[in-house]
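# Chain and residue survey
Residues per chain are reported as follows:
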Amino acid sequence: TNYETLLFEVENEIGVITVNRPKALNALSEQVHSELNALLKEFKNLNKDYSIAKGLILTGAEDKAFIAGADIKGMTTMTAEQAESFARLGQENTLLFESLNVPVIACVNGYALGGGCEMAMSCDFIYGTKTAVFGQPEVKLGLIPGFGGTQRLSKLVGRNRAKEITYSGRNVGVEEAKEIGLVVAIFETKDEMLESAKTYLSKMMRNSPHAILEAKRVMNEGNDLTISEGLNVEAKAFGAIFNSDDMKEGTKAFVEKRKPVFTGK
Ligand code: HXC
């Protein structure tokens, strides 16, 4: 499918989604979220057997911005009802990223503000270039975060630090973002970052794709649960994975002192 505001390319089994509205610093209009919704749903449907990709990258077109937030101009004419639907659509996309059967790395170049920071946080983890800037500046506009930022930032960096960042609306530079656990690695250039993300995803998927999917599912589910509920989900999944081909192959290969050949099943 062709999209006006997104690019989607697959190379060596790694898909790259690029938000492509450079004139507005890739700001998330309703169109971007609708197209992203369609793309993610189609990907989820068609990639059940990993026939499209084994990993995904989310990034922004050009160097200056990953995503500079929700589209502020578009929001000036929204009613309360339309704004709620807009938030729900963006939130649905964050949940779609979390429910995909592949790991997703956000590759942040330049500004990841407001909705941009929120989309990055719904990926499995975040890489940044040395120019990457994060923040939830919504209160400067009389708004609050609406694509999950009031929930995910607290879970990632701790509630009190998240409040300090959100109430001030200040920029969080990439070094600080790494210190507080928002970013896992910093790169000199966008190209270097994308290459490293592709290499990492390819190498990682030589591990059992089925096991990675299960780890992702259980870790994301546990995020919303108490420790005992989360441990229960873990124990069930640990048991169920013994019926998988990958588990049988991985443990057998270890005993036979050879490399496993995983099918993702
Ligand atoms: C619409 C945007 C935009 C945005 C930038 N642009 N951010 N358009 N929505 N979020 C547009 C500008 O209007 C401008 O277009 C062009 O992109 C280039 O931006 P400049 O401001 O000229 O660039 P610069 O001076 O380098 O400043 C970069 C910036 C600044 C610091 C990132 O653009 C900025 O503060 N943007 C807004 C960041 C923000 O507040 N984000 C949170 C939004 S609220 P023209 O046509 O004038 O050249 C949000 C809520 C999420 O995200 C939840 C919703 C439910």
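Scope of this entry: the structure provided in the associated data block. These numbers were taken from a predicted model, which means no experiment stands behind them.

### Here's the deal with the site of the ligand
- As a matter of local geometry, the ligand sits amid 23 residues, with Lys 64, Ala 68, Ala 70, Ile 72 and Gly 115 nearest to it.
- One of the backbone N or O atoms of Ala 68 is found 3.0 Å from a nitrogen atom in the ligand.
- Among the secondary structure elements, those contributing two or more residues to the shell around the ligand are helix H2 (72-75), strand E6 (111-113) and helix H4 (115-121).
- In terms of residue count, the dominant contributor to the shell around the ligand is H2 (three residues).
- Partitioning the shell around the ligand into residue classes produces 13 nonpolar, four polar and six charged.

### Some points on the pairing of strand E5 (residues 104-108)
- Among the five residues in E5, five count as buried, and that is most of the element.
- The alternating pattern of E5 places Val 104, Ala 106 and Val 108 on one face and Ile 105 and Cys 107 on the opposite face, and all of these are buried.
- Alignment of E5 against strand E7 (residues 125-129), held across four bridges, turns out to be parallel. Its bridge partner lying in E7, Ala 106 is registered against Ile 126.

### Notes on a negative patch on the surface
- Together, Glu 62, Asp 63, Asp 191 and Glu 192 make up a negatively charged patch on the protein surface.
- Looking at the element boundaries, Asp 63 is found in the loop between strand E3 (55-60) and strand E4 (65-67).
- For Asp 63, a relative accessible area of 53% gives the class exposed.

### Concerning the side chain of Lys 198
- With respect to the helices, strands and loops of the structure, Lys 198 is situated in helix H8 (residues 190-204).
- Residues in contact with Lys 198, not counting those within four places in the same chain, are Glu 11, Ile 14, Val 16 and Ile 57.

### Some details on helix H5 (residues 149-157)
- Along H5, the residues classified as buried are Gly 149, Arg 152, Leu 153 and Val 157. Looking down the long axis of H5, one finds its buried residues gathered within 105° of arc, a one-sided arrangement.
- In this structure, the buried residues of H5 make contact with helix H3 (80-99), H4 and helix H6 (159-168).
- Gly 158 sits one or two positions beyond H5 and adopts a positive phi of about 95°.

### Side note on the pattern of salt bridges
- Throughout the structure, instances matching the rule amount to 16 salt bridges.
- Here Glu 13 makes a salt bridge to Lys 54, at a shortest N to O gap of 3.9 Å. Remark: Lys 54 occurs in the loop between helix H1 (30-46) and E3 and Glu 13 occurs in the loop between strand E1 (6-11) and strand E2 (14-19); sequence separation between them is 41 residues.
- Among the residues examined, Lys 54 registers a relative accessible area of 24% and is labelled partly exposed.
- When the shortest N-O distance is used, the salt bridge between Glu 221 and Arg 217 registers 3.0 Å. A residue pair is termed a helical-turn pair when its members lie 3 or 4 positions apart in one helix, as Glu 221 and Arg 217 do in helix H9 (residues 209-222) at four residues.
- Three or more residues are tied together by salt bridges with common partners; here these are Glu 249, Lys 252, Glu 256 and Arg 258.

### Examining the sheet that holds E4
- Across the sheet, four strands lie side by side as E4-E6-E8-E9; this open sheet has mixed pairing. Here the strands that pair on one side only, and so sit at the sheet edges, are E4 and strand E9 (172-173).
- Inspection of the sheet shows E4 paired to E6 by two bridges, in the parallel sense. Residue pairing for E6: Ile 67 is matched across the bridge by Ala 112.

### What about the packing of aromatic side chains?
- For the coordinates displayed, the defined rule picks out six aromatic pairs.
- Note on Phe 125 and Tyr 200: the rings are 5.6 Å apart at their centroids and 85° apart in plane angle, and the pair reads as edge-to-face. Of the two residues, Phe 125 sits in strand E7 while Tyr 200 sits in helix H8, which places them 75 residues apart along the sequence.
- Taken together, the aromatic side chains of Phe 125, Tyr 127, Phe 187 and Tyr 200 make up a single cluster linked through ring pairs.

Conventions we followed
Residues numbered from 1 in each chain as written. Predicted model: local features only at pLDDT ≥ 70, side-chain atom pairs only at ≥ 80, totals over all residues. Heavy atoms only, no water. Near = heavy atom within 4 Å. Polar contact = N/O pair within 3.5 Å; in protein donor to acceptor, adjacent residues only side chain to side chain. Helix = DSSP H or I, 4+ residues; strand = E, 2+ residues; numbered from the N terminus. Nonpolar A, V, L, I, M, F, W, Y, C, P; charged D, E, K, R; others polar. Buried < 20%, exposed > 50% of the residue type's maximum accessible area, 1.4 Å probe, protein only. Pairing = 2+ DSSP bridges. Patch = residues over 30% accessible without salt bridge, like charges linked within 9 Å, V, L, I, M, F, W, Y side chains within 5 Å. Areas by Shrake-Rupley, 256 points an atom, 1.4 Å probe, with all protein chains shown as cover. Salt bridge = Lys/Arg side-chain N within 4 Å of Asp/Glu carboxyl O. Lys, Arg positive; Asp, Glu negative; His and termini not counted. Charge placed at Lys NZ, Arg CZ, Asp CG, Glu CD. Contact = heavy atoms within 4.5 Å. Arc of directions from axis to C-beta. Phe/Tyr/Trp six-rings, centres within 6.5 Å; stacked < 30°, edge-to-face > 60°.

Fair warning: the whole summary comes from geometry, so function is off the table for now.
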